[in-house]
Amino acid sequence: MALNIETVGVIGAGQMGAGIAQVAAQAGIPVYLNDVTEDRVNAALATINGLLSRRVARGEIDEDGRKAILARIHYTPTVDKLGDCDLVVEAASENEDVKRKIFTSLRPFMKADAILASNTSSISITRLASVTVNPERFIGMHFMNPVPRMQLVEIIRGIATKDDTYEAARAFVARLGKTSTMSEDFPAFIVNRILLPMINEAVYTLYEGVGSVESIDTAMRLGANHPMGPLQLADFIGLDTCLAIMQVLHDGLADSKYRPCPLLVKYVEAGWLGRKTQRGFYDYRGENPVPTR
């Protein structure tokens, strides 16, 4: 029997959760958005409204369309309210303990055929599935940031994930107008297995004095035709997230080439996490970003 996804729950109303809620609502699917405080959900709704208003200004949707999309997103204060959803996507911070607690808290409420998904960018899907009632209905769905603009979703099967769960996830991604690619359940999957070591190497290049922030980013933008430099991209992703993924790679694959650069660790310890804290490899507190090294 095909698993149809007609209602979606999203846990976590940060940048990723808000983006997932938006694209699902744009596809005509009712969304139930949960976070630890209502303020976070209201902030997410304000962000979504701003993005939709820009689409109205560009003539991509009309005003009625904007209102209809927003009306499909409902604040859900407690996870028990997600029990009737066909799919629940966890989009909390990249911390395995946090994610395991969320999935454990969902155990009493999920209906038998519901699919649980994690938007993790690096953590083992098999391990996360082990704390759920139905590991065969668990899957990784790694959306790219920013979700409304980026076309790819990595789908990651755990050891227990059933074929119909995978097919339902693929159909859902297609309904969102996005392209899926399947990854095996190895640390950091495909995109971040390749991308984050490049960013880490850029930080080493800075750490060793090979080039400045500006010269490294200019070199990769103009020399490799990347849309943004690796240090600028690190700030956009969040240096804490970059460090967490490198630690997952280093721990999971036990190879010294994945050792996080000490300078990346230092920035995270300083609380300079990139755009979200106004300082990272660039300082964003003025009119224009200024390199911090």
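Residues numbered from 1 in each chain as written. Predicted model: local features only at pLDDT ≥ 70, side-chain atom pairs only at ≥ 80, totals over all residues. Heavy atoms only, no water.

What counts, and what does not: UniProt positions are given in the numbering used here, feature names are shortened, and annotations may be inferred rather than shown by experiment.
If you look the chain up in an unreviewed UniProt entry, it shows as 3-hydroxybutyryl-CoA dehydrogenase from Roseiarcus fermentans. Its UniProt record gives the chain the following Sequence similarities (unreviewed entry) comment, quoted word for word: "Belongs to the 3-hydroxyacyl-CoA dehydrogenase family."

**What to know about the packing of aromatic side chains**
Put simply, the rule reads: Stacked, edge-to-face and tilted labels apply to pairs of Phe, Tyr and Trp rings (six-membered ring for Trp) whose centres lie within 6.5 Å, assigned for plane angles under 30 degrees, over 60, and everything in between, in that order. Numbering of helices and strands runs from the N terminus; a helix is a DSSP stretch of H or I covering at least four residues, while a strand is a stretch of E covering at least two. Any residue under 20% of the maximum accessible area for its type is buried, any over 50% is exposed, and the rest in between are partly exposed; the area is computed with a 1.4 Å probe on protein chains only.
In this structure the tally under the stated criterion is 5 aromatic pairs. Both rings, one in Y267 and one in F281, keep their centres 4.6 Å apart while their planes meet at 35°; by these two values the pair is tilted. Remark: F281 occurs in the loop between helix 11 (262-269) and strand 9 (282-283) and Y267 occurs in helix 11; sequence separation between them is 14 residues. Between Y282 and Y284, the ring centres sit 6.3 Å apart and the planes meet at 50°, which makes this aromatic pair tilted. On the basis of relative accessibility, which here comes to 10%, the residue Y282 falls in the buried class. Residue classification places Y284 among the buried residues on the basis of a relative accessible area of 11%. Through successive ring pairs, a cluster of aromatic residues spans Y267, W272 and F281.

**Description of the nonpolar core**
What counts here: Here, nonpolar core means buried Ala, Val, Leu, Ile, Met, Phe, Trp, Tyr and Cys residues that are tied together by side-chain atoms lying within 4.5 Å of each other. It only takes one pair of heavy atoms within 4.5 Å for two residues to be counted as in contact.
Within the largest apolar cluster, 40 residues are counted, with the highest numbers of intra-cluster contacts made by V8, L33, L87, I139, M141, F143 and F172. By residue number, the principal contributor to this core is helix 1 (residues 15-26), which donates 7 residues. Not counting residues up to four positions away in its chain, the partners in contact with M141 are L87, A117, S118, N119, V153, E154, A169, F172 and V173. L231, A234, L239 and Y258 belong to the second-largest nonpolar core, a separate cluster that totals 26 residues.

**Points about the UniProt feature "domain: 3-hydroxyacyl-CoA dehydrogenase NAD binding" (unreviewed entry) in the chain**
The residues that UniProt annotates with the feature "domain: 3-hydroxyacyl-CoA dehydrogenase NAD binding" (unreviewed entry) are residues 7-182. Helix makes up 40% of residues 7-182 and strand 20%, whereas the separation of the span's terminal C-alpha atoms amounts to 23 Å.

**Considering the domain arrangement of the chain**
Keep this limit in mind: Where a domain begins and ends is set by an automatic assignment or by a domain database. Two parts placed together each lose some accessible area under a 1.4 Å probe, and adding up what both lose gives the buried area.
Each assigned domain of the chain is listed with its residue range as follows: domain 1 (8-184) and domain 2 (192-291). Computed over C-alpha atoms, the centres of domain 1 and domain 2 are 27 Å apart. Facing the 8 residues of domain 1 at the interface are 5 residues of domain 2. Summing both sides of the interface, domain 1 and domain 2 together bury roughly 530 Å²; the carbon and sulfur share of this comes to 59%. For the domain 1 face of the interface with domain 2, the top three residues by lost area are E94, S121 and S122, together amounting to 57%.

**Brief notes about the UniProt feature "site: Important for catalytic activity" (unreviewed entry) in the chain**
For the record, the criterion: Definition of a polar contact: a pair of N or O atoms within 3.5 Å, with one able to donate and the other able to accept a hydrogen when the atoms are protein atoms, and with sequence-neighbouring residues admitted only if both atoms are side-chain atoms.
UniProt annotation of "site: Important for catalytic activity" (unreviewed entry) refers to H142 when read in the numbering used here. Within the fold, H142 resides in strand 6 (residues 138-143). Other than its neighbours up to four places away in sequence, H142 contacts S118, N119, T120, S121, L152, V153, E154, I156 and N192. Engagement of the side chain of H142 in a polar contact is seen with the side chain of E154, the distance being 2.7 Å.

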